[in-house]
Amino acid sequence: MNENFKVVHFSIFKLSGNPVKDFKSDLVELLNSKKAKIGILGLGYVGQPLALRYSSLNYKTIGFDVDETKVNELNTGHSSIEHISDEAMKAAVDNGFEATTDFERVSECDALILCVPTPLNKYREPDISYVTRTTDMMAPYLRESQVVSLESTTYPGTTEEELLPRVEHNGLRVGKDIFLVYSPEREDPGNPNFNTQTIPKVVGGHTPACREVGVALYEQAIDKVVPVSSTKAAELTKLLENIHRAVNIGLVNEMKIVADSMGIDIFEVVDAAATKPFGFTPYYPGPGLGGHCIPIDPFYLTWKAREYGLNTRFIELSGEVNRAMPEYVVNKLMDGLNKHQKSLYGSRILILGIAYKKNVDDMRESPSVEIMELIRDKGAEVAYSDPHVPTFPKMREHSFDLHSTELTPENLSSFDAVVLATDHEKFDYDVIYENSRIIIDSRGKYRGKNGKVIKA
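The notes below deal with the structure included here.

## A word on the pattern of salt bridges
And then number 1: Throughout the structure, instances matching the rule amount to 24 salt bridges.
And then number 2: Of the charged contacts, one joins Asp 177 and Arg 173 as a salt bridge, the two residues approaching to 2.9 Å between their closest N and O atoms.
And then number 3: On the basis of relative accessible area, Asp 177 is assigned to the buried category, the value being 4%.
And then number 4: Assessed through its relative accessible area of 46%, Arg 173 is described here as partly exposed.

Have a look at this one:
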């Protein structure tokens, strides 16, 4: 009797009880069918290309940013990022893309992708305030059946330690109601060989269900998605990629100093070593490290490693070498001026290229700017020429009221020396060579040239 009652009671419960909602399956279906609405938070060098990609696939795409001027420009089909054409942005707007400062519209989106800066503070410690503030701004509008993906480079544990409690603050359960992933950006502005679609995408989820949703989010837009076991593994993957590059650049920068002392051309040596078909990858020296990743990311790991009682000596040493390069270039400049009975104090110096790498307008962490400041602090008059940066922009830590100098023979000959800091292809190197008094070459463009050229 009791046994039969239990069976009947259970059957009634199954028939009359509310079924458990399968948010994961519903969201995966939305993403795969391209019916999902995609929200991009942060419309800079990472966010804009990602928004364009999803829009081109006919996903309804909303871009969020706190910069009202940028938002208004994007909505008119104009991007201030040089390698993103107005035509591409207008096509996205015509296809339904819109930018907004209204974070209440987060609730409209099925996927939310954070692409905000993660700089270092003045103590060279991680500053994840952009990540936490952005998450706090969207948290009140999060709902069931959404996926939140962080793409900003950061230390292992950020997604779990900072985003997880904020996402779950209103009672949402990550892995059941809402889904949390980390997928590091791999944008390389100005690289003609790779773009958002063709660069493989690493995806780690807080739970297996989160990872499954994350894969569904990206596999429609990216040619190859690489799932990993956790958000921490994905976070460390990005750091390893950039630390690998920073350490090798530090090595070749140190080799440059040794080679120069021995009267050897380091660029010739690297090119010769690169003919080895195995076991060697060529890295080239320069005036220092620039960009939003390579100079910064290693210090995210060194900072986090201290929590575990570890010292990352190898990483920190390469950082010291790379940070010393701008001063090395300025010392070479002073040596060159001394040979012409000139002091740096009172001289007129022209910096060629202030973007952090050639053929882009991106100035984040550019060593050229530090070189300019060192020269100015030593009492010289400094100017710059950069076809990609017509006016020196407003920067958080640097200030120059300057416009790009036209590289005419008359202008070039009016400077006591020029410093080649960024080797843009738009420069006419023959005109520069013929009309400059002294050239401090930190990029190896004037290999084999003697006399007025000083290797740096």
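## Examining helix H9 (residues 231-261)
And then number 1: Helix length check: H9 (31 residues) gives 46 Å between terminal C-alpha atoms against 45 Å at 1.5 Å per residue, within 8%.
And then number 2: With its phi angle positive at about 75°, Gly 263 sits one or two positions after the end of H9.

## A word on empty space enclosed by the protein
And then number 1: Here the structure, examined in full by the defined rule, presents 2 cavities of 30 Å³ or more.
And then number 2: As a volume, the largest cavity reaches approximately 150 Å³.
And then number 3: Tallied by class, the residues present in the lining of the largest cavity amount to 6 nonpolar, 2 polar and 6 charged.
And then number 4: The computed volume of the second largest cavity comes to approximately 90 Å³.
And then number 5: Tallied by class, residues from the lining of the second largest cavity come to 5 nonpolar, 1 polar and 5 charged.

## Remarks on unusual backbone geometry
And then number 1: Even without being a glycine, Lys 34 presents a positive backbone phi close to 65°.
And then number 2: Assignment of secondary structure puts Lys 34 in the loop between helix H2 (23-32) and strand E1 (37-41).
And then number 3: Located in the positive-phi region is Gln 341, a residue other than glycine, with phi close to 55°.
And then number 4: Considering the arrangement of structural elements, one finds Gln 341 in the loop between helix H13 (325-339) and strand E9 (348-352).
And then number 5: Looking at Gln 341, the relative accessible area reads 72%, which means it is exposed.

## Regarding helix H14 (residues 367-377)
And then number 1: Buried residues of H14: Pro 367, Ser 368, Val 369, Ile 371, Met 372, Glu 373 and Ile 375, and no others.
And then number 2: Of the residues one or two after H14, Gly 379 is the one with positive phi, at around 90°.

Criteria and cut-off values
Residues numbered from 1 in each chain as written. Predicted model: local features only at pLDDT ≥ 70, side-chain atom pairs only at ≥ 80, totals over all residues. Heavy atoms only, no water. Salt bridge = Lys/Arg side-chain N within 4 Å of Asp/Glu carboxyl O. Buried < 20%, exposed > 50% of the residue type's maximum accessible area, 1.4 Å probe, protein only. Helix = DSSP H or I, 4+ residues; strand = E, 2+ residues; numbered from the N terminus. Expected span 1.5 Å × (residues − 1). 1 Å grid on protein atoms, 1.4 Å probe; cavity = no way out; pocket = protein on both sides within 12 Å on 5 of 7 lines; lining within 4 Å. Points joined across faces, edges and corners; volume = space filled by probe spheres on them. Nonpolar A, V, L, I, M, F, W, Y, C, P; charged D, E, K, R; others polar.

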